[in-house]
Amino acid sequence: MSTKYLLLSIDGGGLRGIVPLQFLKYIENRTGKRIQNCVHFIAGTSTGGLIACALAVQKDNQPKFGLSDIEKIYIEHGKDIFPEANAIGKFFRKLKSVVDPTFSAKGLSAVLKSNFGSDTMLNCTIPILVPAFDLKNNFAVMFKYRHAKKDPALNVSLYDICRSTSAGPTYLPSHKFECMDENTGRIIERVCIDGGVYINNPGVAAYVEFRKYFKDFYSKPNDEHNENNWFMLSLGTGRYSDSIDKSKTMGQIEWATKISDVMMQGVNMVTSYECNELFKTGNFLRLQIEIDDEKHSDMADSSDATRNYLIQKANTYLADPKVQYQIEAFLYNAGLIETPVGPPV
């Protein structure tokens, strides 16, 4: 019997990363298995990249982080990464953002260093793919476990990977570091920003990587290279569903605050369509919530009210019988549960 393989793809979205964690917690509860024992490949952009690294890394031959540990980072340190401000503070922050990133990197850097320390891709036991964009070399970068496994000189610290993929334009400053270039074999300086500028939903990248290099990851003597046994769980971080059509009156400053969401939503929806077409019917599942309140739509909003709103939205979504049935059918097809609950009446 051929092995079934599950690819996990997690979108970017700042502190809205709390949303896919609710989806993963639901799946752990339903299967009775840790997510790390369910998935065979993880791709994540920005906040999704942080979650991917946290899920993949091990310590003392055990997963270093459980879902509750990762969720705790968002709950306890969200305000360290994106500090809250009162009305006056927000006004001056908006003025500052005209010429500088809105937030300092100090909070994020401290959180990443305290959690990942000296961990590198070679400390991961699940293959990962995390994108960023290198401004200095004008190059789309994808940090890949496969590269490090093949050549330890291409190994990169999880701190540098996470700091790079989460450096959202207008929000956080870029990240500068040195590493080996996989194409030339030379040490180069990279200046990276958030991979969400071109691939906020990394689903297709995960599919392509797994398809071409399947044998590098999991090929066994009797395993078939059978894409019918490949599954993808694609997790969103929330989509603001109201209209933002004020384009006739929007200048550069206002566009700068909206364009990230426009790019993210467009890429996310197109990638979901492409993945749905690439995978066999029933082998692709997209989980996503709708954010219908603009005051809770900012990816950098670290308030308790917004975090609680997002968690409540995710749990309401997961309580929908139609959504539950979709999840049941997917988990059954992927071999993660033995008996699915029937369709809603």
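Further up the page is the structure itself.
Below, the structure is looked at part by part. Every chain begins its residue count from 1, and numbering advances along the sequence as written. Whole-chain, interface and lining totals are the exception, using all residues; otherwise, since this is a predicted model, local features are given only for residues with pLDDT of at least 70 and side-chain atom pairs are given and counted only at 80 or more. Each side-chain value is worked out from all heavy atoms of the structure, with water and hydrogens disregarded.

Bringing the packing of helix α3 (residues 67–81) against helix α5 (residues 106–116) into the picture now. Their axes nearest at 8 Å, the elements α3 and α5 cross at an angle of 145°. The crossing of α3 and α5 is right-handed. Of the residues in α5, those touching α3 at I73, H77, D80 and I81 are G107, L108, V111 and N115. Of the residues assigned to the contact of α3 with α5, the class counts are four nonpolar, three polar and one charged. The angle between two axes is taken between their N-to-C directions and runs from 0 to 180 degrees, where each axis is a line fitted to C-alpha atoms and a helix contributes only its stretch in contact. The helix count covers DSSP runs of H or I at least four residues long, the strand count covers runs of E at least two residues long, and both are numbered beginning at the N terminus. Here is the rule for handedness: rotate from the far helix to the near one, and if that takes an anticlockwise turn smaller than a right angle the crossing is left-handed, while a clockwise turn gives right-handed. Here, two residues are considered to be in contact whenever any of their heavy atoms come within 4.5 Å of each other. Three classes are used, and their members are as follows: Ala, Val, Leu, Ile, Met, Phe, Trp, Tyr, Cys and Pro are nonpolar, Asp, Glu, Lys and Arg are charged, and the others, Gly among them, are polar.

Turning our eyes to something else, we now look at the packing of α5 against helix α7 (residues 158–165). At a closest axis distance of 9 Å, the pairing of α5 and α7 adopts a crossing angle of 150°. Taken together, the axis directions place α5 and α7 in an arrangement best described as roughly antiparallel. Every pair of crossing elements has a handedness; the one defined by α5 and α7 is right-handed. For the pair α5 and α7, contact is made by L108, S109, L112, K113 and F116 and by L158, Y159, C162 and R163, respectively. Reported orientations rely on four angle classes, namely roughly parallel under 35 degrees, roughly antiparallel over 145, roughly perpendicular from 65 to 115, and oblique for the rest.

Geometry of an aromatic ring pair is reported as the spacing of the ring centres plus the angle between the planes. To pair, rings of Phe, Tyr and Trp, with the six-membered ring standing in for Trp, must have centres within 6.5 Å; the planes then decide the type, stacked if under 30 degrees apart, edge-to-face if over 60, and tilted in the middle. All told, the structure shown has 12 aromatic pairs when counted by the stated rule. When the centroid spacing of 6.1 Å and the interplanar angle of 70° are considered together, the rings of F133 and Y198 count as edge-to-face. In this pair, F133 is assigned in strand β5 (residues 128–134) and Y198 in helix α8 (residues 196–199), connecting sequence segments 65 residues apart. Plain terms: the ring middles of F231 and F330 are 6.0 Å apart, the flat faces sit at 80° to each other, and that makes the pair edge-to-face. Residue F231 is located in strand β9 (residues 230–235), and its partner F330 is located in helix α13 (residues 321–333); the two are separated by 99 residues in the primary sequence. A connected cluster of aromatic rings, assembled from ring pairs, spans Y5, F41, F210 and W230. R146 extends its terminal NZ or CZ atom over the ring of Y213, reaching a point 3.4 Å from the ring centre. Charge over a ring is defined by NZ of Lys or CZ of Arg lying within 6 Å of the ring centre and within 35 degrees of the ring normal.

Before going further, it helps to examine the pairing of β5. On a regular strand, one side chain projects to one face of the sheet and the next to the other, so that they alternate. Relative accessibility under 20% of the residue-type maximum defines a buried residue, over 50% an exposed one, and the middle range a partly exposed one, all with a 1.4 Å probe and only protein chains included. When you tally the buried positions in β5, you get seven out of seven residues, the bulk of the element. Residues I128, V130, A132 and D134 point to one face of β5 and L129, P131 and F133 to the other, with burial holding for every one of them. Pairing of β5 with strand β6 (residues 139–144) involves six bridges; the strand directions are antiparallel. Looking at the pairing, L129 lines up with K144 of β6. Strand direction decides the pairing type here: β5 and strand β8 (residues 187–194), joined by three bridges, are antiparallel. Counterpart to D134 in the pairing with β8 is C192. For two strands to pair, DSSP has to find at least two bridges joining them.

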